[in-house]
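For reference, the chains in residue letters:
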Amino acid sequence: PPLYYILLHFWVRLVGSSEAAVRGLSALCGVGVVGATYLLARRVLSDQGALLASLFAACSPFQAYYSQEARMYMPATLLGLLLVLACDTLFSRWHWRASLRSPIALAILLTSSALLHTHYYGATLLIAVNLAFLIWMGVEWRVRGRFPLDALWRWGILMVVSLATFVPWLMAAWHTLVYWPAISQPTSLTELLRQLIVVLPLGITVPIDAYTLAIGAVAIAMAALGLAALVVQPHDRGVNPNWRPWLLACYLAAPVAIMYLGSLRRPMINFKFILLVTPALHVLMAAGISVVAGRVLRAGARRRGGTVFALALPVVIVIAGMATSLHGLYYDPRYARDDYRGIVAYIHENAGPHAAILINAPSQIETIDYYHDEPPPMYPLARQRPMDVAQTVAEL
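Presented here is an overview of the structure given in this document. All residue numbers refer to positions counted from 1 along the written sequence of the respective chain. In keeping with the predicted nature of the model, local features appear solely for residues at pLDDT of at least 70, side-chain atom pairs appear and are counted solely at 80 or more, and the whole-chain, interface and lining totals rest on all residues. As a rule here, side-chain values cover all heavy atoms of the structure and leave hydrogens and water aside.

**Digging into the overall build of the chain**
Part 1 of the argument: Per the secondary structure count, the chain includes 16 helices and two strands.
Part 2 of the argument: Relative to the compact-globule value of 21 Å for 396 residues, the chain shows a C-alpha radius of gyration of 23 Å, a close match.
Part 3 of the argument: Projected onto its principal axes, the C-alpha coordinates of the chain cover approximately 80 × 50 × 45 Å.
Part 4 of the argument: Note on classification: 1.4 Å probe, protein chains only; a residue is buried when its accessible area is under 20% of the maximum for its type, exposed when over 50%, partly exposed between these limits. Classification of the 396 residues of the chain by burial places 46% in the buried group.
Part 5 of the argument: Contacts between residues were defined by any pair of non-hydrogen atoms, one from each residue, lying within 4.5 Å. Of all intrachain contacts in the chain linking residues separated by at least 6 positions in sequence, the fraction that spans at least 24 positions is 72%.
Part 6 of the argument: On the chain, roughly 20000 Å² of surface is accessible, and the fraction owed to carbon and sulfur atoms is 66%.
Part 7 of the argument: Counting 28 positive and 19 negative side-chain charges, the chain places the centres of these two groups 19 Å from one another. Runs of E in the DSSP output that reach at least two residues are strands. Runs of H or I that reach at least four are helices, and both are numbered from the N terminus. C-alpha atoms define the radius of gyration, and 2.2 Å times the number of residues to the power 0.38 defines the globule rule. Note on areas: Shrake-Rupley, 1.4 Å probe, and residue coverage restricted to the protein chains presented here. A positive count includes Lys and Arg, and a negative count includes Asp and Glu. His and the chain ends are not counted in either. Working definition for charges: the position is that of NZ of Lys, CZ of Arg, CG of Asp or CD of Glu.

Written as structure tokens, this is what we have:
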């Protein structure tokens, strides 16, 4: 979708077109995700718990990797997080009395539309917040004894308008979306979960082995404990406690589940798509430690020191695993990005007077062109996916 590239167009006019400048937009969004993670965590945790969640976000190798890539994944992650924050605010009771022209309703409309226009997989977060809305309605109905019909029609209007803004682009891109080839090999649910245990907390710059699986299992266990603790935690802020943990659960689980279910028809396992869910993971991980720690501290001083140490140990383990992954990101050549600058420099050094560059992957054209000045001339052969065979053969 076009929004990231439109933003990048104006961004490079403002800051320049060096590698650092071009990647700076993603880096800025990555910093924004750290701050917004704190704001989301503060809805359910203490200041200390929210700081722990933002620490996980700041150290996340998964987020660091894509904060340094000139692609739309980190801007989409920030937009998804802002959408969840806006929905959390709207689900709080008093906001339903505001009109659809209220600032929070406008924020939901803008963030949902911007997310769809940034990455197609952002649609899975819209599904997640709609699932959370259904849970919220059930809680309201049970607690107040009346069906929240006014909330239903207002929410429905917001979603319809958000989707309507995307229809023009969807019509233009429909053929590409329908006929886009599979992007992965078929993967079993067991293997997918095995990889996710490592990728979500530790990123893609560590091997998947017994060591990283153990660290990832600690992180996932922290998140599961956090969800359970939030579900049973008493709430003292005047908002019903039952729906907010499920908003986080839908935020984390829905995009992952949709990836697996969609892959049953056409394999689409690509972990950079589910970078979107990492803020929910970090908040729940922090909840698993801070909520339990708070109860221990309130319970009294007996054996407090040993218990606090036991609670701090998982944090140390996960942060150590993140540090290992960050080391791989910066220093392990196995995880280095392709050296397009070196590729083009080699071509310029070795090309004869009648040489030409043939590019047979549409996604490589702009990357090569960024570093390349003619001669030799450059011929992109497959200009789009799926490939137009007749056009490609004619040009060849």
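**A closer look at the side chain of Ser290**
Part 1 of the argument: As for its placement among the helices and strands, Ser290 is situated in helix H12 (residues 278–299).
Part 2 of the argument: Residue class for Ser290 comes out buried when judged on its relative accessible area of 19%.
Part 3 of the argument: With sequence-adjacent residues up to four places away left out, Ser290 is seen in contact with Leu45 and Gly49.

**A closer look at the packing of aromatic side chains**
Part 1 of the argument: Only rings of Phe, Tyr and Trp enter the pairing, Trp through its six-membered ring, and a pair is recorded when the two centres are within 6.5 Å. The plane angle decides the type: under 30 degrees is stacked, over 60 is edge-to-face, the rest tilted. Summed over the entire model, instances satisfying the criterion amount to 13 aromatic pairs.
Part 2 of the argument: Ring centres of Phe91 and Trp136 lie 6.0 Å apart, and the angle between their planes is 25 degrees; this geometry places the pair in the stacked category. With Phe91 in helix H5 (residues 73–91) and Trp136 in helix H7 (residues 123–144), this residue pair connects regions lying 45 residues apart in the sequence. Considered together, Phe91 and Trp136 belong to a single accessibility category, that of buried residues.
Part 3 of the argument: Ring geometry for Tyr120 against Phe166: centres 6.4 Å apart, planes inclined by 65 degrees, an arrangement best described as edge-to-face. Of this pair, Tyr120 sits in the loop between helix H6 (103–116) and H7 while Phe166 is found in helix H8 (residues 149–179), placing the two residues 46 residues apart along the sequence.

**Details of the nonpolar core**
Part 1 of the argument: Here, nonpolar core means buried Ala, Val, Leu, Ile, Met, Phe, Trp, Tyr and Cys residues that are tied together by side-chain atoms lying within 4.5 Å of each other. Phe56, Phe91, Ile108 and Trp155 are the most contacted members of the largest nonpolar core, which has 99 residues in total.
Part 2 of the argument: Counting seven residues, the second largest nonpolar core, distinct from the first, contains Ile359, Ile365, Ile368 and Met378.

**Considerations on helix H2 (residues 19–42)**
Part 1 of the argument: Look at H2: 35 Å from first C-alpha to last across 24 residues, which is about the 34 Å you get at 1.5 Å a residue.
Part 2 of the argument: Bend is the name given here to the angle between axes fitted to two runs of seven residues, the run ending at a residue and the run starting at it. A bend of about 40 degrees at Leu25 is the largest found in H2.
Part 3 of the argument: Among the residues of H2, Ala21, Val22, Gly24, Leu25, Ser26, Cys29, Gly30, Val33, Ala36, Thr37, Leu40 and Ala41 are the ones counted as buried. Given a helix with a known number of residues, its expected span is that number minus one, times 1.5 Å.

**Brief notes about the pattern of salt bridges**
Part 1 of the argument: Each reported salt bridge corresponds to a side-chain nitrogen of Lys or Arg within 4 Å of a carboxyl oxygen of Asp or Glu. Under the definition given, this model contains eight salt bridges.
Part 2 of the argument: Of the charged contacts in the structure, one is a salt bridge between Arg341 and Glu19, with a shortest N-O distance of 3.1 Å. Of this pair, Arg341 sits in helix H14 (residues 340–350) while Glu19 sits in helix H2, placing them 322 residues apart in sequence.
Part 3 of the argument: Notably, a salt bridge pairs Glu69 with Arg337, separated by 3.4 Å at the nearest N-O pair. Remark: Arg337 occurs in the loop between helix H13 (304–331) and H14 and Glu69 occurs in the loop between helix H4 (61–67) and H5; sequence separation between them is 268 residues.
Part 4 of the argument: On the accessibility criterion, Glu69 (17% relative accessible area) is buried.
Part 5 of the argument: The exposure class assigned to Arg337 is partly exposed, which follows from its relative accessible area of 29%.
Part 6 of the argument: Each of Arg43, Asp88 and Arg244 takes part in a single network of salt bridges with overlapping partners.

**Brief notes about the packing of H6 against H8**
Part 1 of the argument: Where H6 meets H8, the axes come as close as 9 Å, and the angle between the chain directions of the two elements is 35 degrees. Judged by the sense of rotation from one axis to the other, the crossing of H6 with H8 is right-handed. Of the residues in H8, those touching H6 at Ala105, Ile108, Leu109, Ser112, Ser113 and Leu116 are Trp155, Leu158, Met159, Val161, Ser162, Leu163, Thr165 and Phe166.
Part 2 of the argument: For the contact of H6 with H8, the class distribution of residues is ten nonpolar, four polar and no charged. In this analysis an axis means a line fitted to C-alpha atoms, helices contributing only their contacting stretch, and an angle means the value between N-to-C directions, from 0 to 180 degrees. Handedness of a crossing follows from how the near helix is turned relative to the far one, being left-handed for an anticlockwise turn of less than a right angle and right-handed for a clockwise one. Residue polarity is assigned by list, with Asp, Glu, Lys and Arg as charged and Ala, Val, Leu, Ile, Met, Phe, Trp, Tyr, Cys and Pro as nonpolar; anything else, Gly included, falls into the polar class.

Purely spatial values, then, with no claim about function.
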